[in-house]
Amino acid sequence: MNLPREQLITRHEKVATSTSFEKKGDERSLMGTNDLLTNFAHSNENLSNNFLTKQSPLSMNIEQLTAKLGGKGRSLAAWDCYRIGLDPFFFHDPLFSQEALDNSIHMLPISNHDNDNNKIQGIINTRTELQNYFPSKRRNLRLALKSLESLSNLYSSPLRGIENSIAKLVKIQTSKDGTTKLLLNLYSSPAHNIETVIIPWEERGSSTLCVSSQVGCRQGCTFCATGRMGKLLDLTTDEILIQLYYANKLCRIRNLPTVDNIVFMGMGEPTDNMQSVASAVNLMVEKNCFSISPSKITVSTVGPNPDVFRKLTKVPAVLAWSIHAVRDSLRKELVPTTKYTMEELREGMVNCLKVRPKKMRTLMLEVALIQNVNDSEREALELATFSLKLIELVGDMKLTVNLIPFNEVEHNRFQKPSVARILAFQKVLRDKGLMAYVRRTRGDDEHAACGQLATAKKKGITRLP
Ligand code: SF4
């Protein structure tokens, strides 16, 4: 049971009218109200039998949403909003105030502990300005009240709305280099948070989003903060996509470069949650949904067994294999859950790549380089031999090796190698004719870099039914 529209509007207007903005130069502070909407949503879970668990419109493709709303134009109009991090239910109803549309960011408390970037909450777009983000032929399209009612019935929260149904944005942390970590609290499991990281590339005019597929991870890689948490939850398709929704909203409000590159390298092993990940990727690439090119989405797996590569065959994304070491004994040390030899795993990957469409026969081998563990010439030569054999077995393919200097994590015995050792490792690979790149570490001062994502583990945690 959702709240009647009148009651809902009254609650939203209560927020809007109790809100005042105090401008201090570039700094905009929100004064005078608590987040009534989300507090209300948390405290009224009993208002709906299936609150928080049903599939939201965010994880419906155009065809599915068209069937629910009774018209393709309606589903396209709804997705024009989701794509830019805007809830169509509130955007298309003129009774909702302008300020309420992007409240999740404008109303977020500003922490004194964050650096200067966080003092800027961002601009408030008018409805007319927001329309300019839509395709020109749909700019004047309006969802009528009847369609909005149909849409609202798809939301699981009594307050309706994507942001009240899937996850609440609770914190934004920005590193000195602009890397921005978003902390989202799950409505389905309020004891759990997920992290997602926006990495802006001003020089390229685009941003990369690092998404999580699970809370925690059962693979337990010894150098990884997430691995220490164990697996706590598999995220639903909605919970994966809401990360992109909020990232797009933040980029729009703070005028950051648009997200056009997604990497599944946040918390979790994507192949341990294959169904949700595959559905999310399909909606990311769908033309009228998030519309991101398959060549700009990377699904990274540690490769728990040869069969997971088969499951990735049809996923419309670039594959990355977090290999870390080729020698079985060393790999077992770094990825202790490994039960297969590297030869067995390579066979699985070869079989996967061979049946992929030619333009998707691309593989990135990822190596977290750790000082005096896997960064010597010996490991570089082993990796080169392994990679060249893989290329030979697949035939026509593109392989690159990404060297990621280890990001230091609290209570971890490992260290980042020196620049000289990293470059020497790269040279060995390049001398063997391989494409090998050293990846720049971004966001490490805010623990937003590879291997550093870990949210607080709380006791007595269960997902709501
Ligand atoms: S590195 Fe990836 S697979 Fe390994 S524990 Fe961390 S999140 Fe899991």
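Here is a short report on the structure shown in this document. (Residues numbered from 1 in each chain as written. Predicted model: local features only at pLDDT ≥ 70, side-chain atom pairs only at ≥ 80, totals over all residues.)

A separate point is the overall build of the chain. For the chain, the count of helices and strands is 15 helices and 14 strands. The buried share of the chain, reckoned over its 465 residues, is 46%. Relative to all contacts within the chain whose residues are 6 or more apart in sequence, the contacts with residues 24 or more apart total 70%. (Helix = DSSP H or I, 4+ residues; strand = E, 2+ residues; numbered from the N terminus. Buried ≥ 20, exposed ≤ 12 C-beta atoms within 10 Å, placed from the backbone. Contact = placed C-beta atoms within 7 Å.)

All right, on to the environment of Pro57 then. Along the chain, the position of Pro57 falls in the loop between helix H2 (36–43) and helix H3 (62–69). Here the alpha-carbon distance between Pro57 and Ser75, two residues 18 residues apart in the chain, equals 9.1 Å. Among residues more than four places away in sequence, those in contact with Pro57 are Leu65, Ala78, Leu151 and Leu154.

Let's shift gears to the packing of H3 against helix H4 (residues 72–82). The geometry of H3 relative to H4 is characterised by a closest axis approach of 8 Å and an angle of 120° between their N-to-C directions. By the angle between their directions, the pair H3 and H4 is classed as oblique. Considering the relative orientation of H3 and H4, their crossing is right-handed. Between H3, through Ile62, Leu65, Thr66 and Leu69, and H4, the contact on the second element is made entirely by Lys72, Arg74, Ser75, Leu76, Ala78 and Trp79. Class assignment for the residues of the contact of H3 with H4 results in six nonpolar, two polar and two charged. (Axes fitted to C-alpha atoms, helices over the stretch in contact; angles between N-to-C directions. Parallel < 35°, antiparallel > 145°, perpendicular 65-115°, else oblique. Left-handed = near helix turned anticlockwise from the far one by under 90°. Nonpolar A, V, L, I, M, F, W, Y, C, P; charged D, E, K, R; others polar.)

Moving on: the pairing of strand S6 (residues 206–210). For S6, a buried count of four out of five residues is recorded, marking the element as mostly surrounded by other parts of the structure. In this sheet, S6 lies alongside strand S5 (residues 193–201) in antiparallel orientation, the contact comprising five bridges. Paired with Ile199 across the bridge in S6 is Thr208. In sequence, S5 turns back onto S6 through a hairpin of four residues, with Gly205 there showing a positive phi of about 70°. (Pairing = 2+ DSSP bridges.)

Our focus in this paragraph is the sheet that holds strand S10 (residues 297–301). In spatial order, the strands read S3-S4-S5-S6-S9-S10-S11-S12-S13-S14; together these 10 strands make up an open sheet with mixed pairing. The two strands at the open ends of the sheet, each matched to only one other strand, are strand S3 (167–174) and strand S14 (435–438). Strand-to-strand twist of the sheet, defined as the mean angle between neighbouring strand axes without regard to direction, takes the value 25°. Note: strand S13 (residues 398–405) against S14, four bridges, orientation parallel. In the sheet register, Thr400 faces S14, and the bridge partner there is Met435.

Right, let's talk about the environment of Ile370 for a bit. Mapped onto the fold, Ile370 is located in the loop between strand S12 (362–369) and helix H14 (377–394). Distance in space between the C-alpha atoms of Ile370 and Phe406 is 5.5 Å, their sequence separation being 36 residues. Beyond its immediate sequence surroundings of up to four residues, Ile370 is in contact with Phe223, Asp375, Phe406, Phe414 and Pro417.

Let us look at helix H9 (residues 237–254). Between its first and last C-alpha atoms H9 spans 26 Å; for 18 residues at 1.5 Å apiece the expected length is 26 Å, and the two agree. Along H9, 16 of the 18 residues are buried, which leaves the element largely enclosed by surrounding structure. Immediately downstream of H9, the backbone of Asn255 shows phi near 60°, a positive value. (Expected span 1.5 Å × (residues − 1).)

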